[in-house]
Amino acid sequence: MLTMKILLVEDNARLSELIKEALVHDGFVVDHAPSFANAHDMIQHFQYNLVLLDLTLPDGDGLDIIKYLTKNKSPPPILVMTARAGLDDRIKGLNLGADDYLVKPFATEELIARCRALLRRPGNVLGTILTIGNIELNSATRDVFINTKRANIPPKELALLEHLMRHAGQIVSREHLEASLYTSQKDVSPNALEATISRLRKWLKSNNCTPTLHTSHGIGYVLIPE
């Protein structure tokens, strides 16, 4: 899966709300697990590009989640967020397979920067510059340019555009897009994806974009480069 979908494992409700709000505003799709049991269940049923993990959970130790994730052949990057500032704790987490370690309290801007840095590493999902036809998308800054001129685009349409650009010329199934663009914790109306597709299609036309968005009936959608 190439869309930026994050699992946030954090039991503090207020902190979780602030982190999720910042990540969603920056274009990520975020599922929230407030406990060890919730996180374990969601990891089993959904795929994530990145896991943000608090180590101190009400019903278990986050280190055990790291052990579970790293048993997989291709685990997602893991960014530990914790108040455990001791050197031994950091070394233990990193040795178990965590990719980065952020000690609380931290600025959400730094968290987002670290997320994007992890996703840009070789083998991960976030190539920085995407170019299709006369559209250029900088996935690090979330800027879109048409014929080198900056263009405004709403967050949900931007997320859809990025996903389709990463699969340019390939049909992407409806199910895949819904799983990538919407959280598993929120009911999605039956026509939510179609509405976003319609808005993106209008945006492409109104901005004189050379790529075109086609519907493959019964299958999914494809962005044709020219």
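The structure this text deals with has already been given above.
Definitions and cut-offs
Residues numbered from 1 in each chain as written. Predicted model: local features only at pLDDT ≥ 70, side-chain atom pairs only at ≥ 80, totals over all residues. Heavy atoms only, no water. Pairing = 2+ DSSP bridges. Helix = DSSP H or I, 4+ residues; strand = E, 2+ residues; numbered from the N terminus. Axes fitted to C-alpha atoms, helices over the stretch in contact; angles between N-to-C directions. Parallel < 35°, antiparallel > 145°, perpendicular 65-115°, else oblique. Left-handed = near helix turned anticlockwise from the far one by under 90°. Contact = heavy atoms within 4.5 Å. Nonpolar A, V, L, I, M, F, W, Y, C, P; charged D, E, K, R; others polar. Buried < 20%, exposed > 50% of the residue type's maximum accessible area, 1.4 Å probe, protein only. Polar contact = N/O pair within 3.5 Å; in protein donor to acceptor, adjacent residues only side chain to side chain.

**Looking at the pairing of strand S9 (residues 135–138)**
Relative to S9, strand S8 (residues 129–132) runs antiparallel, the two sharing 4 bridges. The partner of Ile132 across the bridge, within S9, is Ile135. Counting the residues in the hairpin turn of S8 and S9 gives 2 residues, including Gly133, whose phi is positive at 60°.

**Section: the packing of helix H2 (residues 36–45) against helix H3 (residues 62–69)**
Where H2 meets H3, the closest approach of the two axes is 10 Å, and the angle between their N-to-C directions is 15°. Compared by their axis directions, H2 and H3 come out roughly parallel. Helix-helix and strand crossings are classified by hand; for H2 and H3 the assignment is right-handed. Touching Phe36, Ala39, His40, Ile43 and Gln44 of H2 are Asp64, Ile65, Tyr68 and Leu69, all from H3. A per-class count over the contact of H2 with H3 returns 6 nonpolar, 2 polar and 1 charged.

**Points about the side chain of Asn49**
As for its placement among the helices and strands, Asn49 is situated in the loop between H2 and strand S3 (50–54). Judged by relative accessible area, which is 7%, Asn49 ranks as buried. Here the side chain of Asn49 touches Lys5 through a polar contact of 2.8 Å, landing on its backbone nitrogen.

So far we have only geometry, and geometry alone does not tell us how the molecule works.
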